[in-house]
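Spelled out from the first residue to the last, the chains are:
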Amino acid sequence: MNDALKQLSDRLGGIAYGGDYNPEQWPRDVWDEDVRLMREAGVNLVTVGVFSWAFLEPRPGEYEFGLLDEVMDLLHAGGIAVDLATATASPPPWFSLRHPEALPVTADGVRLWHGSRQTFCPSSPAYAQAAGRVVERLVDRYRDHPALALWHLHNEWGNHNAHCFCDTSAQAFRAWLRERYGDLDGLNRAWGTAFWSQRYGDWAEVMPPRATTAVANPTQRLDYWRFSSDALLALHRREAEIVRRLAPGTPLTTNLLVTLEKKVDGFALADACDFVSVDQYLTAADPEAHIGLSLDADLARGMGAGAPWLLMEHSTSAVNWQPRNIAKTPGQMRRNSLAHLARGADGIMYFQWRQSTAGAEKWHSAMLPHGGTDTTTWREVTGLGQDLAALAEVRGSRVESDVALLFDWNAWWALEMDATPSRDVRYLDLVRHWYEALWSLGITCDLVHPGSELSGRRLVLVPSLCLTTDSDAESLGTFVRDGGHAAVGFFSGVTDENDHVRAGGYPGAYRDMLGVRVDGFFPLREAEAVRLGDGSTATVWSELVEPRGAETLLSFADDPTCGGPVAGHPAITRHSYGDGVSWYVATRPDADGLREFLARVCEEAGVTAAAEVPAGVEAVRRRGPDASYLFVINHTARDVSVPAAGVDLLSGTAVDGKAEVRAGEVLVVREHAGTSPEV
Amino acid sequence: MNDALKQLSDRLGGIAYGGDYNPEQWPRDVWDEDVRLMREAGVNLVTVGVFSWAFLEPRPGEYEFGLLDEVMDLLHAGGIAVDLATATASPPPWFSLRHPEALPVTADGVRLWHGSRQTFCPSSPAYAQAAGRVVERLVDRYRDHPALALWHLHNEWGNHNAHCFCDTSAQAFRAWLRERYGDLDGLNRAWGTAFWSQRYGDWAEVMPPRATTAVANPTQRLDYWRFSSDALLALHRREAEIVRRLAPGTPLTTNLLVTLEKKVDGFALADACDFVSVDQYLTAADPEAHIGLSLDADLARGMGAGAPWLLMEHSTSAVNWQPRNIAKTPGQMRRNSLAHLARGADGIMYFQWRQSTAGAEKWHSAMLPHGGTDTTTWREVTGLGQDLAALAEVRGSRVESDVALLFDWNAWWALEMDATPSRDVRYLDLVRHWYEALWSLGITCDLVHPGSELSGRRLVLVPSLCLTTDSDAESLGTFVRDGGHAAVGFFSGVTDENDHVRAGGYPGAYRDMLGVRVDGFFPLREAEAVRLGDGSTATVWSELVEPRGAETLLSFADDPTCGGPVAGHPAITRHSYGDGVSWYVATRPDADGLREFLARVCEEAGVTAAAEVPAGVEAVRRRGPDASYLFVINHTARDVSVPAAGVDLLSGTAVDGKAEVRAGEVLVVREHAGTSPEV
Amino acid sequence: MNDALKQLSDRLGGIAYGGDYNPEQWPRDVWDEDVRLMREAGVNLVTVGVFSWAFLEPRPGEYEFGLLDEVMDLLHAGGIAVDLATATASPPPWFSLRHPEALPVTADGVRLWHGSRQTFCPSSPAYAQAAGRVVERLVDRYRDHPALALWHLHNEWGNHNAHCFCDTSAQAFRAWLRERYGDLDGLNRAWGTAFWSQRYGDWAEVMPPRATTAVANPTQRLDYWRFSSDALLALHRREAEIVRRLAPGTPLTTNLLVTLEKKVDGFALADACDFVSVDQYLTAADPEAHIGLSLDADLARGMGAGAPWLLMEHSTSAVNWQPRNIAKTPGQMRRNSLAHLARGADGIMYFQWRQSTAGAEKWHSAMLPHGGTDTTTWREVTGLGQDLAALAEVRGSRVESDVALLFDWNAWWALEMDATPSRDVRYLDLVRHWYEALWSLGITCDLVHPGSELSGRRLVLVPSLCLTTDSDAESLGTFVRDGGHAAVGFFSGVTDENDHVRAGGYPGAYRDMLGVRVDGFFPLREAEAVRLGDGSTATVWSELVEPRGAETLLSFADDPTCGGPVAGHPAITRHSYGDGVSWYVATRPDADGLREFLARVCEEAGVTAAAEVPAGVEAVRRRGPDASYLFVINHTARDVSVPAAGVDLLSGTAVDGKAEVRAGEVLVVREHAGTSPEV
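Residues numbered from 1 in each chain as written. Chains lettered and ligands numbered in written order. Predicted model: local features only at pLDDT ≥ 70, side-chain atom pairs only at ≥ 80, totals over all residues. Heavy atoms only, no water.

(A) Representation of the relation of the copies chain A and chain C in the model. Once chain A is rotated about the relating axis by 120° and shifted along it by 0.0 Å, it coincides with chain C to within an RMSD of 0.1 Å. Taken together, the rotation and translation describe the operation of a three-fold axis. Every residue of chain A has its C-alpha some distance from the rotation axis, and the shortest such distance is that of A:Val110, at 4.9 Å. (Least-squares fit on C-alpha atoms with pLDDT ≥ 70 in both.)

(B) Up close: the packing of aromatic side chains. Inspection of every chain in the model, using the stated rule, returns 114 aromatic pairs over all chains. Relative to B:Phe51, the ring of A:Phe195 has its centre 6.2 Å away and its plane inclined at 55°; by these criteria the two rings are tilted. You can see A:Phe195 sitting in the loop between helix H8 (184–191) and helix H9 (218–246) and its partner B:Phe51 sitting in the loop between strand E2 (45–48) and helix H3 (53–56), one on each of two chains. We note that A:Phe195, like B:Phe51, is buried. Members of the aromatic cluster, joined through ring pairs, are A:Phe165, A:Phe173, A:Trp176, A:Trp191, A:Tyr200, A:Tyr224 and A:Phe227. The residue whose ring lies beneath A:Arg354 is A:Trp26, and the NZ or CZ to ring-centre distance is 5.4 Å. Here the guanidinium or amino end of B:Arg574 rests over the ring plane of B:Trp583, the centre of that ring lying 5.4 Å away. (Phe/Tyr/Trp six-rings, centres within 6.5 Å; stacked < 30°, edge-to-face > 60°. Helix = DSSP H or I, 4+ residues; strand = E, 2+ residues; numbered from the N terminus. Buried < 20%, exposed > 50% of the residue type's maximum accessible area, 1.4 Å probe, protein only. Lys NZ or Arg CZ within 6 Å of the ring centre and 35° of its normal.)

(C) Focus on the interface of chain B and chain A. Facing 57 residues of chain B, the contacting portion of chain A comprises 49 residues. Across the chain B to chain A interface the summed buried area is about 4400 Å²; carbon plus sulfur atoms make up 58%. The three residues of chain B that bury the most area against chain A are B:Trp113, B:Arg324 and B:Trp363, which together make up 17% of that side's buried surface. Along the contact surface separating chain B from chain A lie five salt bridges. A salt bridge links A:Asp519 to B:Arg379, with the nearest nitrogen and oxygen atoms 3.9 Å apart. Applying the counting criterion to the chain B and chain A interface returns 29 residue pairs in polar contact (both at pLDDT 80 or more). At the level of elements, H3, helix H5 (93–98) and helix H13 (376–390) of chain B are the ones that each hand at least two residues to the side of chain B that touches chain A. (Contact = heavy atoms within 4.5 Å. Buried area = accessible area lost by both parts, 1.4 Å probe. Salt bridge = Lys/Arg side-chain N within 4 Å of Asp/Glu carboxyl O. Polar contact = N/O pair within 3.5 Å; in protein donor to acceptor, adjacent residues only side chain to side chain.)

(D) Just the pattern of salt bridges, in detail. Residue and element names in this part refer to chain A. Summed over the entire model, instances satisfying the criterion amount to 165 salt bridges over all chains. Among the salt bridges present, the one from Asp10 reaches Arg395, with a minimum N-O distance of 3.5 Å. Linking Asp10 in helix H1 (residues 2–12) with Arg395 in the loop between helix H13 (376–390) and strand E10 (398–399), this pair joins segments that are 385 residues apart in sequence. Judged by its relative accessible area of 40%, Asp10 is partly exposed. A relative accessible area of 24% places Arg395 in the partly exposed class. Residues Glu604 and Arg574 are paired through a salt bridge, measuring 2.8 Å at the closest nitrogen-oxygen approach.

(E) Broad picture of the environment of B:Leu45. Mapping B:Leu45 onto the fold places it in strand E2. Separated by 37 residues in the primary sequence, B:Leu45 and B:Val82 have C-alpha atoms spaced 5.6 Å apart.

(F) Region of the structure containing the state of the cysteines. Residues and elements named next belong to chain A. A full pass over the atoms with the stated rule returns zero disulfides over all chains. You can see Cys164 has no disulfide; the closest cysteine sulfur is in Cys166, sitting 3.5 Å from it. Taking the relative accessible area as the measure of exposure, Cys164 reaches 2% and is therefore buried. (Disulfide = S-S within 2.5 Å.)

(G) Structural context of helix H16 (residues 470–481) of chain A. All names here are of chain A. Taking 1.5 Å of rise per residue, the 12 residues of H16 would be expected to cover 16 Å, and the 16 Å separating its terminal C-alpha atoms lies within 8% of that figure. Where H16 is concerned, the buried positions are Asp472, Ala473, Leu476, Gly477, Phe479 and Val480. End-on view of H16: buried residues confined to an arc of 160°, all on one side of the axis. Residues of H16 that are buried sit in contact with strand E13 (459–462), strand E14 (485–489), helix H17 (511–514), strand E20 (570–577) and strand E21 (580–585). Just beyond H16, the residue with positive phi is Gly483, at close to 115°. (Expected span 1.5 Å × (residues − 1). Arc of directions from axis to C-beta.)

(H) Highlighting the interface of chain A and chain C. On the chain C side, the residues contacting the 57 residues of chain A number 49 residues. Taking both sides of the interface into account, the surface hidden between chain A and chain C amounts to around 4500 Å²; carbon and sulfur atoms contribute 59%. For the chain A face of the interface with chain C, the top three residues by lost area are A:Trp113, A:Arg324 and A:Trp363, together amounting to 18%. Connecting chain A to chain C are five salt bridges. Between C:Asp499 and A:Lys362 there is a salt bridge, with its nearest N and O atoms 3.1 Å apart. Linking chain A to chain C there are 29 residue pairs in polar contact (both at pLDDT 80 or more). Of all elements in the fold, only helix H3 (53–56), helix H5 (93–98) and H13 of chain A reach the threshold of two or more residues within the side of chain A that touches chain C.

(I) Quick look at the sheet that holds strand E8 (residues 309–313) of chain B. All names here are of chain B. With parallel pairing, nine strands are arranged side by side in an open sheet as E5-E4-E3-E2-E1-E9-E8-E7-E6. Each having just a single partner strand, strand E5 (252–253) and strand E6 (255–256) make up the two edges of the open sheet. Pairing analysis gives two bridges linking strand E4 (residues 148–152) to E5, with the strands arranged parallel. By the bridge assignment for E5, His152 is matched with Thr253. (Pairing = 2+ DSSP bridges.)

(J) Here's a closer look at the side chain of C:Ser397. Residue and element names in this part refer to chain C. Mapped onto the fold, Ser397 is located in the loop between helix H13 (376–390) and strand E10 (398–399). For Ser397, a relative accessible area of 3% gives the class buried. Among residues more than four places away in sequence, those in contact with Ser397 are Pro308, Arg622, Arg623, Gly624 and Tyr629.

(K) How the structure looks around helix H12 (residues 332–342) of chain C. Residues and elements named next belong to chain C. Within H12, 11 of the 11 residues are buried, leaving the element largely enclosed by the surrounding structure. Among all positions in H12, only Gln332, Met333, Arg334, Arg335, Asn336, Ser337, Leu338, Ala339, His340, Leu341 and Ala342 are buried. Once H12 finishes, Gly344 follows within two positions and takes phi at roughly 115°, a positive value.

(L) Fine view of the packing of helix H2 (residues 28–41) of chain C against H13(C). All names here are of chain C. Running from amino to carboxyl end, H2 crosses H13 at an angle of 55°, the nearest separation of the two axes being 7 Å. With respect to each other, H2 and H13 are oriented oblique. Where H2 approaches H13, its residues Leu37, Glu40 and Ala41 are matched on the opposing element by Trp378, Val381, Thr382 and Gly385. In terms of residue class, the contact of H2 with H13 is built from four nonpolar, two polar and one charged. (Axes fitted to C-alpha atoms, helices over the stretch in contact; angles between N-to-C directions. Parallel < 35°, antiparallel > 145°, perpendicular 65-115°, else oblique. Nonpolar A, V, L, I, M, F, W, Y, C, P; charged D, E, K, R; others polar.)

(M) The pairing of strand E2 (residues 45–48) of chain A, seen in detail. Residue and element names in this part refer to chain A. Taking every second residue as pointing to the same face, both faces of E2 are buried, with Leu45 and Thr47 on one and Val46 and Val48 on the other. Relative to E2, strand E1 (residues 16–21) is paired through four bridges, and the arrangement is parallel. Bridge pairing links Gly18 to Leu45 in E2. In this region the chain leaves E1, passes through helix H2 (residues 28–41) and returns to the parallel neighbour E2; the handedness of that crossover is right-handed. With four bridges joining them, E2 and strand E3 (residues 81–85) adopt parallel strand pairing. Residue Val46 lies in a different strand from E3, and its bridge partner there is Val82. (Right-handed = clockwise from strand over helix to strand, strands pointing away.)

(N) Geometry of the environment of A:Thr495. Examined against the element boundaries, A:Thr495 turns out to sit in the loop between E14 and H17. If we skip the residues at most four places from it in the chain, A:Thr495 touches A:Cys466, A:Leu467, A:Thr468, A:His500, A:Val501, A:Arg502 and B:Trp363. Here A:Asp499 takes part through its side chain, which lies 2.8 Å from a polar atom of the side chain of A:Thr495.

Structure (structure tokens):
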């Protein structure tokens, strides 16, 4: 996978820089200015054609490539490479009119109409055929165009249409289930249809989980989520097949949404790309949104097995789709972009080049804002272009991390079904909580699939991985037995592949490894906080843990007035297992408590920070064949001093053991040999 | 009604103990263990087949009874009696596929699909026929089986499908209305269709209250609720007719949901059973959920005119369908179960015997949890089995109470229509508020229908009974005139049978009896609290009361800054009426204020507590022909001392005037003659 | 427009007084009492027949006018004039049954059924024809009836059915768009369909903004709101055409909902009436609801270019459709009614005469309540009748105001689309916030359309007028250049007629006039408050303002810990432009801050209060050809003294320079010549 991005990167001669470019929104005379300003800003790559289907094929079967020809030529003449989109993300109105049966339908039976984007049923044969035709024509026409550098399949697969409940989807779901289970007996077993008299006697009876009277069958729902993700994956593969057949020389990718997209399994889509590219947007309401950014970046890297990746979209400032679209303050965009770089991005791109004046995203920021070039944003965009030029040598180097955090879309889906012990157990909340504790310790981790290779890691974190397959559980057990460290959060390993509860006592798949047995779950009340033995607090969850080999590290306070429903019983345990150690956390500790716990775990596991930096300062190291690079990002409002030695690449000055990083600023140091620990 | 339960109870030779048993969920080899463990726990009755339709009739018209035959035989061999369900609660998928027109439809026109349970339209002839067929076959086959002890009709009628708006329902609604009103003139009068130009000129124009543009006609809505409840009652009667025809010797019941089910009139269904059985689940978010339990139990008893009843379902610990499914702490299940017993239950049963590992209720607790027999829950279950054996003699005795609290589903429906004076006026909130005040005074009451016999009571409570029929109002008036006491809450008696406002001044039907006239309603603002003359506070409601014969007991504070919109006017009045006394409460007093008021009312009415016990301790007395039994349940975290004399049935030791009840524990005393006041 | 109301007023010989009268709800014998009590209360005008269609045409094409004949005659005999409604607001059930295609359909495709009111699609030809027929018959029958004084078209156009998404609506929408844009190229440009591949190639592809997968096209949505408002306007015009053709001598109006109705452009409907009439209801949850009343009254006046208007509906006490229907306290109804009079109403009417005992509005207060004549409400109703008689001479006089506040439904629609910078930017919130500051300064303003004539004003206020047409912007610019003062709120002028962002920097259309350029928007976080330089606070919004000619009056605090994202930058600016002055407010100041700012603006602009009165006291002046009238309304709980000289019309006593107005009371003074400043 790495080679494809290296190929692109070498062609660009540096870090990719640019954004989505939608020239069809603008009169012809604006295009020349666009190219001129792109050059001024240091842009070397733009994504073209994401929403161009209605222009390329204005009427069914009639293609008009004139506009795109001109744009491609103009960009090439300006030295800008093109990431050419397959244009399938938004079928034109004529498609919906001709194929109303291809419009998506909600669980309530509401048909969704065209007028926004992605208004198609993922299982629709009509869509697949129409999309295939336009992709074939497009690829055929531009495969040899000198501007072409990358194929961009679709756009944010499934962001708006992942789940469709129409009759076509029902039929496709049945075919998927047949493939998975072979016969109805298998289906009935997997779905546990003996309960509530749901046994299926004929495939025609099987439906997507449309609106029903009471709680829907959870495995039916889980399988429907899997099927839906697979349906999109199949469309992606169909496009990839065309591109690879007609234009084998050029890499392809699609822009994944990392944790912003619950409904599509990002690992599976990533595997079907030549390299990983992602879109990442800050959660405006989150005062620590930069930590969410790091998490997403570490997931992007984890999706590509640690290889560099491409940041396909982020924003220069506010977006338009959140309740309050908080703008970035001066310097924030630069910190965000360079944090992505620090965590393995080899390209920094935006949605979009020029801010729209009409349409649904006109209030979404862009590289060139409504106000034009005499704006703070434009000055920051050109400044960043210069920074990236100065950092060109970083590309291709790999981020150092010996910690893995297991992340799984299947577990996410299962955890947030209806009728679970507590609606306060939210997957991203828990993953972020663990991640944030690690982040504040300065430790870099990869977010990886539970089935990925763990050997070579020192530590594996497992926040509330409810659904765990036998093989994934065994893989973690082997890792620990072989000397690794694993820290596991509550409600992990309790169900199997089909989301059936593992009998014999919680936490099911991890019981032996953890050396504990849980007598029962005691979710906490809304906003309830209980005290732990060391005075810290915990929320959301507690459970009655019986050590069966493990030692108790910390208990719920032995006082019924504050210790909660399992006062006095273990909250955190430690278990020597084989040559390694496993830890179990039976609640949601407060931030300080979790950080202290993970600090101890890291110490035992021999995991260290990239550099010793003050709170609120981020330090990450990338290592290339010839040098290592220490990134230090100061998210605080005060100047700080950090240990570093080498060359400050942004200023070109030497750093001798200690560097000042001013409030809000970023330091990137090419380190002297020996400054950083060799791995 | 009493005889049927006595017949069951005598057969079991003690208090019924057990739960729902769904063997179809488990492999055959588990069944033997099930029976062995049931015996170990003291189980003597299990409910079988509630969700077995898809097994009994796997294909339309093809019946397979092998599994059930074996289960029945096995249970019988193990000495476990069977409450055999009619299996109609969840039609199999083949039924929905064959009869899509029988799927329920929401007010918005959304068809609800199979995949959970109760996915049928209550007015569907196809459902009624299909259900009738399976019931006939089932009853015919097992009517003479030696394990059979009770028939269990359907399951929680209407819990998920009470309201259907399909065309079939529309037709059935019209038939029901024709029956009620004879002709359209009657309908037009009752519905007040002169308003908003709604006059109906043809029966075909009459519809269920489907989604509409503005506020729907309130009497149309009310009648639709009545019709819907009656439609389910008709299905129940249809099943009962089959059972009584084919198996006349065995009693039948259905599990009512007490206050958990708003849409079905529990009194009407109860009347169509041989004895009352109910399901009762705690509201996890309610820190005083045990008071809600008592209320439901007192309603169960009121449904059966004071006779013993059967607790068909409750939970050993957490359920799975609330936002946060709080588990029971050690001892809580026992207190809950024995509180039901105290309030008249002659059987204690659970959903379900063995906890599922798949399906929608896999996180619902059970008698035998996921963790097996080495769990706190299992130890409590076996312990309770022993307790119930020790209390066997209590069965058949009746709870002492000379207070009635009027409860009415029709009034509930009317009170919570759209476009009423305030959405903060919630029926269950007010009923619970009054009930809780009484509970905290240690006084036991029956929740009864307003039309039930009141003579013999000392006191009748009427919390906000908005809709009151003429005859029910007259019945209460007679009760007071004949020397009874009645305390009436605000917004009572204001509308008639058709929810038309009674002209001439509020509170309509009760104006003369109460000796007041209300000039106007003054609902309070959200979260507004006003002061009363004695320093207590009140919320939700106030009104301008003019005494017309009544004396003012307490006024709103005579200070516009805190007394609210009717500062200085009466809040609580007292009126001598005939030989009795009536009281009116024109607001929602705070808990202390209401308790003090009811204490005074009880004192005047000569109503006393079962025993003098500290706050948070529950005391109830059951009286049999030969002995009385004092139940004392300590819900507090401290040991208490209570007055009691006789034999402690759980320990077998003597109690001489005073007993210690430890924190969380329960005491049941067979009282010496003369210890408790004779009634 | 003025003449029509004068004609009515002269006929009544005084201020109109009365309410909706629905005799069809009551037995015949009640009617005589009604007329007797109307006379007792001083009622001189009632609205009849609003919901009478089902009575007038009980079966399709069969008309029965007997009831209405009798009512008209009876009222006439009693000296009560009639405002006769066209009866089209609620089609009878037979209409829906015969024309199911005329039932409205939601964006989700849910068909809404009859059973409430206004259940018709505004674009339905079947409705237009059926309504036309009944109006023709009605007008033809009563055009010469001596009781007839006014035609009342429909009722609250579009209150429940403004937006319909059915196929008929889709077709009508296309016709409207063709008319607006001529061809698809125009449509594609206006809607910006180049974005997201939405380009339309065939009119058949164009749809109302039905439920879709992502954010709908904003101009499509805006045009759909415009079309929907126009569809209702067309129905109104159709009725008006019939009335004017058949009964040219009698004025017509319809009851507008002022700010209560977002979906219908009140200015357009007002223009199609002979004079303005409005319904005004207090927001019960608003402790300062009387300010909202004033705002609505000032809008009613603005809709009629300053002429007197008719208050067609308000309530004597509580309504029935709010969450908590707070009743009016003694005196509040009188203050409300006289405040309307003060602000230009020449008639004071209610919904409704006699309170219903059945139907959706039975809990809505009325002139004659459930309790009858021995009620506070009835005493206040008769008292007010006497007050109005004493104030008869006021009618026809005009309210003094030299301030205009620009109000626009189009801007409202655009501002509250999805995907704007912040959902906290709510149009009515901002309009009310500015209005309230002015109200508290005692200054009267007219709410007028941005396209209305501004010359003659001293000051124009522009709270957040996001969408501004070129001509409206030019009009304001000219006003300022010619010496006027204008104060403009943030996010004004940023988009054009099609809601496209005006390029070149915010605030677009007003940039030059204001002498500022905004580098970027910085919406604030939820509940975030920032400090301004003078210690006041601000919420919701901030932006980076660069003065380009303007001077900075007040900045965000120059302290990043409290000054927010643009700490130290301008918050309020002042710009001399031509002969006038413009001011810009780049945030939402707190109430005190905004009042202080507007006080300064008013001072510079030479705008003064009607009278110097204490806080919480309202003073407004009407001026007739022969005298001026000072209204003083004391909304406080304390007695106050105010400067006034003339005759107290309510008591008939002289006022010499100073008058006491007791808590909750109202003073109306016919002023001595020279007492009030001549205009």
